[in-house]
Amino acid sequence: MKLVLFSVLIIAIGIAFICIRVFSSENGEMKSMHVHDSKHMKERGIHCVIDQDKEDRMRAERVSRKLHNGKNNKQNR
């Protein structure tokens with residue numbers, strides 16, 4: 001029983017902190033915590049992992065095309 005009351009108390013404290021943050025922020029909205037929305041991360045050149053993955057796949061595709069085109073040019077000679 002003590003464990004249940006302790007758990008409820010911890011959850012209530014957490015909810016209270018979230019409410020305080022929402023009520024103290026402008027327009028009742030919380031700031032975005034995503035990497036791509038952070039000004040400081042952008043200044044450092046740090047991107048979201050999804051964006052980095054997309055860039056890496058595009059880079060790998062370009063390299064693959066160059067290698068493929070290079071093989072075709074050698075075979076056509």
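Please refer to the structure higher up on the page.
About the criteria used
- Residues numbered from 1 in each chain as written.
- Predicted model: local features only at pLDDT ≥ 70, side-chain atom pairs only at ≥ 80, totals over all residues.
- Heavy atoms only, no water.
- Salt bridge = Lys/Arg side-chain N within 4 Å of Asp/Glu carboxyl O.
- Helix = DSSP H or I, 4+ residues; strand = E, 2+ residues; numbered from the N terminus.
- Buried < 20%, exposed > 50% of the residue type's maximum accessible area, 1.4 Å probe, protein only.
- Polar contact = N/O pair within 3.5 Å; in protein donor to acceptor, adjacent residues only side chain to side chain.

S.K.: Can you help me understand the pattern of salt bridges in this one?
M.R.: Enumeration over the complete set of coordinates arrives at 3 salt bridges. In this structure, Arg57 and Asp53 form a salt bridge, with 2.9 Å as the shortest nitrogen-oxygen distance. You can see Arg57 and its partner Asp53 sitting in helix α3 (residues 49-76), 4 residues apart, about one turn around the helix. Judged by relative accessible area, Arg57 falls into the exposed class, the value being 58%.

S.K.: Mind showing me how you'd approach the environment of Ser24 here?
M.R.: Looking at the element boundaries, Ser24 is found in helix α1 (residues 2-24). From its side chain, Ser24 meets the backbone oxygen of Ile20 in a polar contact 2.9 Å long.

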